Amino acid sequence: MSCESSTPRVSDGVHRDRLRRMSSLPPVRYQLEYPYTRTTGPIVGAFLTALRDGKLLGIRCGSRVLCPPLEYDPASGETLAPDFVEVGPGGTILSWTWIAEPSRKHPFAKPFAFALIRPDGADTAICHAVAASGPEALHTGGRVRTQYRAERRGAITDLYFAPEAEAESQYIPPGKGAVEMTEHLISLEFSEPLSPHRERYARALLDGKFIGQRSPASGKVYLPSKGYDPIERVQMSERDDVVVADTGTVVAYTVITPVQYYGQKETEPYIRASVLLDGADQPLGQQDIRTIPLAEFRSGLRVRAVWKSRAERSVVDVDNRWGGTGAVIERWEPTGEPDVSFEKIREHNW
Amino acid sequence: MPEEIAIVAVAQTPARRRYADSEPSMLMELTNRLLAETGLPRSAVDFTIAGSCDYLSGLPFAFVSNVDGFGAWPPVYESHLEMDGAWALFEAWVRLQMGDIDIALVAGSGKSSPGSPREIFPLQTDPYVAAPLGLDPVSVAGLQARALLDAGLATERDFAEVVSRSRRSGLSNPNAQVKKDVAVDALLKEPYYASPLRKHDLPPISDGAAAVLIARGKRARELTKRPVWIRGIDHRIDSHHLGLRDLTDSPSCRIAAKGVDLHGGPIDVAELCVRYSPEEIVLRRALELAPGTQINPSGGPLCGHPVMATGLVRVIEVAQRIREGSARRGVAHAASGPALQQNLLCVLEAS
């Protein structure tokens, strides 16, 4: 065994399978973020302000006290007056569940409980987290107490509960002003393998080639293909792959002046162009143009892809959705050929 | 009297942990199957409506790409809901009531595999007091399970029996993702995950899609010898504040049951959207199903949970049994939100 050859033995099915997997491109990873900023209004705002200051508020609704406070009577929908009542700090567990494996979005990284807790003085339950030494410390009807985070920002996460026997006494200094806005960053992570046709497209980019797919129904060449012809509703396979040229025509473009929103990385105006490669029927969108002056840029311009060196090419930004061209192209440069007339690119110019 | 509307063809993908194909690709396959079965050209479909979730796909406007699957050229008349396909069926049914068009294509699709459902679904909850806690459906199902135990309405053995029976039923369902013959006692030895729930009380994470073609009375009879008539469809919602709800009951289901005249005739089969085993206990009580009603012969969502298609799959499972003649009248249930917050009922019947 010690002198086993390191050369792959293609007759060995297991070995071959392992090689194939090793050679797979890594999964596409991406993050979706929405930074939400919400006004709180007079009811939720008062509730969150009180939490920041170490107090739990309910609101009067007829003869009942609702916690957390609502802006309306849940039975009739009538607007409630801001008639607040301080409730707690003690409360009774109405139901609970021990979370053995917390998610990244939970308030605690270690196991904890979610519980429905009726604060003393309230008639309804608030659903919140209980930090406890273990599930043995909890039971329905058990007593818990409010606890506050050292750093509070006027959010529901300022608060948590603990079993009475495990709760600490705290002094919470009141903060300044009313909580009128809350910020909630939604941040989700995704990961998926490249679908088979997109993986072949990405591999070809690394080899300095563009691969599209020719529809067996219409003959049109889609690039980058989604694996199907969306017009004829026909699925395509590797048999339909075709290599197209790395020269083409600018069929549309726009100049983007960046607005400084959350996540924006651009500071200067830049061109985004659609390039219809020779042999393709679908333009490559969103091509980044930095080296051709705006004054010389136009639809109909003939361009050529200047590839990065093989070692520099990367397809990390090729995904299953837009396709992209990855970080494989250094730039697009004019070929010097005469412009293509508008009539010939009309279908793609919009 | 509402317009008579029937399901004339159905199609679903098997539920799988992960599909390499994209969501539009799955929908294209189903669309082509429905058109082939009925012999209709795409242009004969008057209206298309789909349910899917951009947060699951991880891409704003992902639902627009899905339209590729239905065929959108020449331009078509279509709509979308950020809801399970069963709600798309409701909207299509309402749309056909207007009487000016005959045929609608209804779909639901979702790929849960790229993301983390447990991190995505808290975003369904109140953005001030629940979502920032990451309050997820599994945890809320745990609260509902405990409430049932404390009220004396169920035992942990009851939960395990739902799981054991459902996963055994899945053995005869070619579209099931999780299926096995496992004894109740073996299940009860497993550790807790969100106590009193164990991992097997939860649905699998699935990718999948489902689609149906519906048509108005005369057209439906022309398109199939075995139309499955939609005799009632209704959906209702409970408060999004858990503290205002009695988690052992489902008032919204009870109202919907009246809306569809559920007890106006015998129910041979019920396909219920039991994503967490305790939900079956709640639904059985709220729907007051007779002992003779067969419940979740497909195994239900515990055998496959392609979110956004799961509810429409329930409709398909009932419709197929009526088409095959093993049932005459049945009810499909779809749910959305934590602890059965929103519920849809659809009563289906043979000619």
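Given the structure is predicted, the values throughout are model-derived calculations rather than measurements.

Colleague: How do you make sense of the overall build of chain A when you look at a structure like this?
Modeller: Scanning chain A for helices and strands turns up four helices and 20 strands. The C-alpha radius of gyration of chain A comes to 30 Å, more than 25% above the 20 Å expected for a compact globule of 350 residues. Here the C-alpha coordinates of chain A stretch approximately 80 × 65 × 40 Å along the principal axes. Taken over 350 residues, chain A has a buried fraction of 46%. For chain A, the proportion of contacts with a sequence separation of at least 24, taken over those separated by at least 6, is 61%. Roughly 18,600 Å² of accessible area belongs to chain A as shown, and the carbon and sulfur atoms make up 51% of that amount. Looking at charge distribution, chain A has the averaged site of its 43 positive side-chain charges lying 3 Å from that of its 46 negative ones.

Colleague: Is there a simple way to explain empty space enclosed by the protein in this structure?
Modeller: In this approach, a probe sized like a water molecule rolls over the atoms, and the result shows the empty space that is left. All names here are of chain B. All told, the structure shown has five cavities of 30 Å³ or more when counted by the stated rule. As a volume, the largest cavity reaches approximately 240 Å³. Considering the residues around the largest cavity, the lining is formed by 23 residues, among which V129, H240, H241, L242 and G243 are closest to the centre. Of the residues contributing to the lining of the largest cavity, the split by class is 14 nonpolar, seven polar and two charged.

Colleague: Explain the interface of chain A and chain B to me, please; I cannot follow it from the model alone.
Modeller: How big an interface is tends to be reported as the loss of accessible area on association of its parts. With 59 residues of chain A at the contact, the number on the chain B side is 58 residues. Counting the surface lost from both chain A and chain B, the interface buries some 4,700 Å², and carbon and sulfur atoms represent 61% of this. The interface formed by chain A and chain B contains three salt bridges. Residues A:K226 and B:D68 are paired through a salt bridge, measuring 2.8 Å at the closest nitrogen-oxygen approach. At the boundary of chain A with chain B, the tally comes to 19 residue pairs in polar contact (both at pLDDT 80 or more). If you list the elements that add at least two residues to the side of chain A that touches chain B, you get β1 (28-39), α2 (41-52), β5 (90-99), β6 (112-119), β7 (126-130), β10 (181-192), β13 (228-229) and β14 (234-235) of chain A. Sorting elements by how many residues they give to the side of chain A that touches chain B places β10(A) first, with eight residues. Partitioned by chemical class, the residues of the side of chain A that touches chain B number 34 nonpolar, 15 polar and ten charged.

Colleague: Would you take a moment to explain the sheet that holds strand β2 (residues 47-51) of chain B for this structure?
Modeller: Think of a sheet as strands paired side by side through backbone hydrogen bonds, with each pair either parallel or antiparallel. Residues and elements named next belong to chain B. With respect to topology, ten strands assemble into an open sheet ordered β3-β2-β4-β7-β1-β8-β12-β11-β9-β10, the strand pairing being mixed. Looking at the sheet topology across the chains shown, the edges are occupied by β3 (78-81) and β10 (294-295). Relative to strand β12 (residues 342-349), strand β11 (residues 329-336) is paired through eight bridges, and the arrangement is antiparallel. Bridging from a neighbouring strand, S336 pairs with Q342 of β12. Its contacts with the sheet put helix α4 (residues 85-97) on β1 (5-12), β2, β3, β4 (103-111), β7 (207-216), β8 (228-237), β11 and β12, and the angle it makes with β4 is roughly 165°. Set on the sheet, helix α10 (residues 251-259) makes contact with β8, β11 and β12; between it and β8 the angle comes to about 150°.

Colleague: What exactly am I supposed to notice about the side chain of B:D68 here?
Modeller: Residue placement: B:D68 occurs in helix α3 (residues 62-70). By relative accessible area, which is 15% here, B:D68 ends up buried. Apart from residues no more than four positions distant in its own chain, B:D68 is found in contact with A:K226, A:Y228, A:P230, A:R233, B:P24 and B:M28.

Colleague: Which parts of the structure should I look at to understand helix α3 (residues 196-206) of chain A?
Modeller: For the α-helix, the turn length of 3.6 residues means that residues three or four positions removed from each other point alike. Residues and elements named next belong to chain A. Here α3 lies mainly inside the structure; eight of its eleven residues are buried. Within the sequence span of α3, burial applies to H197, R198, E199, R200, Y201, A202, A204 and L205. Where the residues of α3 are buried, they touch β11 (210-214), β15 (241-244), β18 (284-289) and β19 (302-307). Directly after α3, the chain includes G208, whose backbone phi takes a positive value near 80°.

Colleague: Sorry if this is basic, but what is going on with the packing of aromatic side chains here?
Modeller: The description of an aromatic ring pair uses the distance of the two centres, along with the angle that the planes make with each other. Residues and elements named next belong to chain A. The tally for this structure, following the rule as stated, stands at twelve aromatic pairs over all chains. Measuring from ring centre to ring centre gives 5.0 Å for F210 and W307, while their planes differ by 45°; the resulting arrangement is tilted. Pair noted here: F210 is in strand β11 and W307 is in strand β19, with a separation of 97 residues, a long-range link. Each of the two residues, F210 as well as W307, counts as buried. Ring centres of Y253 and F297 lie 5.0 Å apart, and the angle between their planes is 85°; this geometry places the pair in the edge-to-face category. Of this pair, Y253 sits in strand β16 (residues 247-256) while F297 sits in the loop between β18 and β19; the two residues are 44 residues apart in sequence, bridging distant segments of the chain. Under the relative-accessibility criterion, Y253 is labelled partly exposed at 35%. In textbook terms, an aromatic cluster arises when at least three aromatic residues are bridged by ring pairs, as seen for F108, F112, F114 and Y160. For the cation-ring pair, R38 lies above Y36, with the distance from its terminal atom to the ring centre recorded as 4.5 Å. Lying across the ring of Y201, R198 places its NZ or CZ 6.0 Å from the centre.

Colleague: Could you clarify how one ought to interpret the nonpolar core in this entry?
Modeller: Across soluble globular proteins, nonpolar side chains show a tendency to be buried alongside one another. Counting 90 residues, the largest nonpolar core has A:F47, A:L56, A:V130 and B:L262 as its most contacted members. Take this core: its biggest share by element is seven residues, from helix α6 (residues 137-150) of chain B. Residues contacting A:F47, with those up to four places away along its chain left out, are A:L56, A:L57, A:P68, A:P69, A:I126, A:I156 and B:V129. The next biggest cluster of nonpolar side chains, apart from the first, holds 41 residues, and it includes A:Y30, A:V221, A:V275 and A:W332.

Colleague: Please explain the pairing of β11(B) as it appears in this structure.
Modeller: The side chains of a regular strand alternate, residue by residue, between the two faces of the sheet. All names here are of chain B. In terms of burial, β11 is a largely internal element, eight of the eight residues being buried. What you see with β11 is no split at all: R329, V331, H333 and A335 on one side and G330, A332, A334 and S336 on the other are buried throughout. Taken together, the three bridges between strand β9 (residues 269-271) and β11 define a ladder with parallel strand orientation. Paired with V269 across the bridge in β11 is G330.

Colleague: Any chance you could explain the pattern of salt bridges here in plain terms?
Modeller: For side chains bearing opposite charge, pairing can occur when the charged atoms are close. Following the criterion strictly, the structure yields 44 salt bridges over all chains and no others. Between A:E164 and A:R143 there is a salt bridge, with the nearest N and O atoms lying 3.5 Å from each other. In this pair, A:E164 is assigned in the loop between β9 (159-163) and β10 and A:R143 in strand β8 (residues 143-148), connecting sequence segments 21 residues apart. Under the relative-accessibility criterion, A:E164 is labelled partly exposed at 37%. Classification of A:R143 as partly exposed rests on a relative accessible area of 32%. One salt bridge in this structure joins A:E199 and A:R203, with 3.2 Å as the shortest N-O distance. On the criterion of helical spacing, the pair formed by A:E199 and A:R203 is a turn pair, its members being four residues apart in helix α3. Counted as one network, the salt bridges with shared partners bring together B:E4, B:R221, B:R231, B:R328 and B:E349.

Colleague: Would you take a moment to explain helix α7 (residues 156-169) of chain B for this structure?
Modeller: Residues and elements named next belong to chain B. In this model, α7 (14 residues) spans 20 Å end to end at C-alpha, consistent with the 20 Å of a helix rising 1.5 Å per residue. All buried positions along α7 are accounted for by F159, A160, V162, V163, S164, S166, R167 and S169. Looking at the buried positions of α7, the neighbouring elements they touch are α6, α8 (184-188), β6 (197-198) and α11 (277-287).

Colleague: What's the story with the environment of B:Y128 in this structure? I'm lost.
Modeller: Along the chain, B:Y128 falls in the loop between α5 (117-120) and α6. A sequence separation of 85 residues divides B:Y128 from B:L213, and the C-alpha atoms of the two residues are 40 Å apart. For B:Y128, the residues in contact, after removing those within four places along its chain, are A:R38, A:T39, A:T40, A:V44, A:I156 and A:T182. For B:Y128, the side chain forms a polar contact with the main-chain oxygen of A:T39, separated by 2.5 Å.

Rules and cut-offs
- Residues numbered from 1 in each chain as written.
- Chains lettered and ligands numbered in written order.
- Predicted model: local features only at pLDDT ≥ 70, side-chain atom pairs only at ≥ 80, totals over all residues.
- Heavy atoms only, no water.
- Helix = DSSP H or I, 4+ residues; strand = E, 2+ residues; numbered from the N terminus.
- Rg over C-alpha atoms; globule rule 2.2 N^0.38 Å.
- Buried < 20%, exposed > 50% of the residue type's maximum accessible area, 1.4 Å probe, protein only.
- Contact = heavy atoms within 4.5 Å.
- Areas by Shrake-Rupley, 256 points an atom, 1.4 Å probe, with all protein chains shown as cover.
- Lys, Arg positive; Asp, Glu negative; His and termini not counted.
- Charge placed at Lys NZ, Arg CZ, Asp CG, Glu CD.
- 1 Å grid on protein atoms, 1.4 Å probe; cavity = no way out; pocket = protein on both sides within 12 Å on 5 of 7 lines; lining within 4 Å.
- Points joined across faces, edges and corners; volume = space filled by probe spheres on them.
- Nonpolar A, V, L, I, M, F, W, Y, C, P; charged D, E, K, R; others polar.
- Buried area = accessible area lost by both parts, 1.4 Å probe.
- Salt bridge = Lys/Arg side-chain N within 4 Å of Asp/Glu carboxyl O.
- Polar contact = N/O pair within 3.5 Å; in protein donor to acceptor, adjacent residues only side chain to side chain.
- Pairing = 2+ DSSP bridges.
- Axes fitted to C-alpha atoms, helices over the stretch in contact; angles between N-to-C directions.
- Phe/Tyr/Trp six-rings, centres within 6.5 Å; stacked < 30°, edge-to-face > 60°.
- Lys NZ or Arg CZ within 6 Å of the ring centre and 35° of its normal.
- Core = buried A, V, L, I, M, F, W, Y, C linked by side-chain atoms within 4.5 Å.
- Expected span 1.5 Å × (residues − 1).

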